[in-house]
Amino acid sequence: MPGSALKKENREKFRAARDKNNIAQLPRKRFYRQRAHANPFSDHALEYPASPADMDWAKYYPAYVADTADEEVSSGQPRLLKQDVEIVDIGCGYGGLLVALAQILPNKLMLGLEIRTQVTAFVQERIWALRKQNEATKLYQNAACIRANSMKFLPNFFKKDQLSKIFICFPDPHFKTRKHKARIVSTTLNSEYAFALRPGGIVYTITDVEALHEWMVEHFEAHPSFDRVSEEETESDPCVAVMRMETEEGKKVARNKGMKFVALYRRREDPPW
């Protein structure tokens, strides 16, 4: 049996056993492994809303659904939340950052965006299990993950000034010059981040590749919408410590005693026009 088919069979067996016994068991990563790289320019047959107003967030954050009249629900319109999603982890991987941030920022709605199918499924299963395990305390109700291509569809999900934090953790370095156009930080994409971030919002970046760090610094500092956050403020930000240690890549770099390069950029106020 091919490896992908075997993993799918094992996933189904795991879910069936979990549902039969009604236990909130965390998923096993070995059943959800997928190649580390995905071509962001490929057609991945993704589903995405035509605009942020068309996005139904209620199925991802059921504990935050606002009270609505019966006629509004029956009209087929997306159910509204009591508050907006305001923290986004672009390329969230296996969800380590999301799970950690959900505990230290329990009153903020956060979303992981991941392009790989099985990795997205793993994070969704992980959050579901953590919610079940913590029903008494309501932890992890504020975290969710969807499959999406951030390079193409970020403005379809988030309106202007909606976000307070964007995390870009250990992105694919795309070492070859001809592949640099696929990097998640660029002049065009930085403009989309500036659109979605509210004034004062912060983009968090971290990588173990110095050349990529220099690329991200160069592109953010050249953009008129961002100012670099001071070293002192960066080191005092509790989210930075989480970003360094709670992602899968962060843990791997730490085990290998590698370097981690961090840079934060704050969204400037809109110009007076």
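Before going into details, it helps to say that this report is about the structure given with it. Counting of residues starts from 1 at the beginning of each chain's written sequence and follows it residue by residue. Totals for whole chains, interfaces and linings use every residue, but because this is a predicted model, local features are given only for residues with pLDDT of at least 70 and side-chain atom pairs only at 80 or more, for both listing and counting. Side-chain descriptors were evaluated using all non-hydrogen atoms of the structure, hydrogens and water having been removed beforehand.

### A few points about the pattern of salt bridges
Definition used for salt bridges: Asp or Glu carboxyl oxygen within 4 Å of a side-chain nitrogen of Lys or Arg. Taken as a whole and judged by the stated rule, the model has 15 salt bridges. Two residues, Asp 56 and Arg 79, come together in a salt bridge whose shortest N-O distance is 3.8 Å. One end of the pair, Asp 56, is in the loop between helix H1 (3–21) and helix H2 (70–74); the other, Arg 79, is in the loop between H2 and strand S1 (85–90), and 23 residues separate them in sequence. Burial status follows relative accessibility: with a 1.4 Å probe on protein chains alone, a residue under 20% of its type maximum counts as buried, one over 50% as exposed, and anything between as partly exposed. Judged by relative accessible area, which is 35%, Arg 79 ranks as partly exposed. Look at the salt bridges and you will find they share partners, linking Lys 160, Asp 161, Arg 267 and Asp 270 into a network. Strands here mean DSSP runs of E at least two residues long; helices mean DSSP runs of H or I at least four residues long; both are numbered from the N terminus.

### Observations regarding the nonpolar core
Membership of the largest hydrophobic core comes to 41 residues, with the highest contact counts inside it found for Trp 57, Tyr 61, Leu 111, Leu 113, Phe 158 and Tyr 193. Here the element with the most residues in this core is helix H7 (residues 210–221); it accounts for 5 residues. Contact between two residues is taken to exist if any of their heavy atoms lie within 4.5 Å; hydrogens are not considered. Those residues in contact with Phe 158 that lie beyond four places of it in its chain are Pro 52, Trp 57, Val 85, Val 88, Leu 111, Leu 113, Leu 163, Phe 195 and Ala 196. Joining through side-chain atoms within 4.5 Å is the link that ties buried Ala, Val, Leu, Ile, Met, Phe, Trp, Tyr and Cys residues into a set, and such a set is a nonpolar core. In terms of nonpolar packing, the next biggest core, distinct from the first, is built from 33 residues, Met 110, Phe 122, Ile 127 and Val 262 among them.

### Looking at helix H6 (residues 187–196)
Looking only at H6, the buried set comprises Leu 189, Asn 190, Tyr 193, Ala 194 and Ala 196. Looking straight down H6, one finds that the buried residues subtend no more than 165° of arc, so they occupy a single side. Facing away from the buried side of H6 by over 90 degrees, the exposed positions are Thr 187 and Thr 188. By construction, the arc corresponds to the directions joining the helix axis to the C-beta atoms.

### Some words on the packing of helix H3 (residues 96–104) against helix H4 (residues 117–133)
In the contact formed by H3 and H4, the axes pass within 10 Å of each other and the chain directions differ by 30°. If you check the angle between H3 and H4, you find them roughly parallel. With respect to the hand of their crossing, H3 and H4 are arranged in right-handed fashion. Only Val 123, Arg 126, Ile 127 and Leu 130 of H4 make contact with H3, whose side of the interface consists of Gly 96, Leu 98 and Val 99. Grouping the constituent residues of the contact of H3 with H4 by class yields 5 nonpolar, 1 polar and 1 charged. Between N-to-C directions, angles cover 0 to 180 degrees, with each direction set by a line fitted to C-alpha atoms, over the stretch in contact for helices. The scheme is simple: roughly parallel for angles under 35 degrees, roughly antiparallel for over 145, roughly perpendicular for 65 to 115, oblique for anything else. Crossing handedness is read from the near helix: turned anticlockwise from the far helix by less than a right angle, it gives a left-handed crossing, and turned clockwise, a right-handed one. The nonpolar class holds Ala, Val, Leu, Ile, Met, Phe, Trp, Tyr, Cys and Pro. Asp, Glu, Lys and Arg form the charged class, and all remaining residues, Gly among them, are polar.

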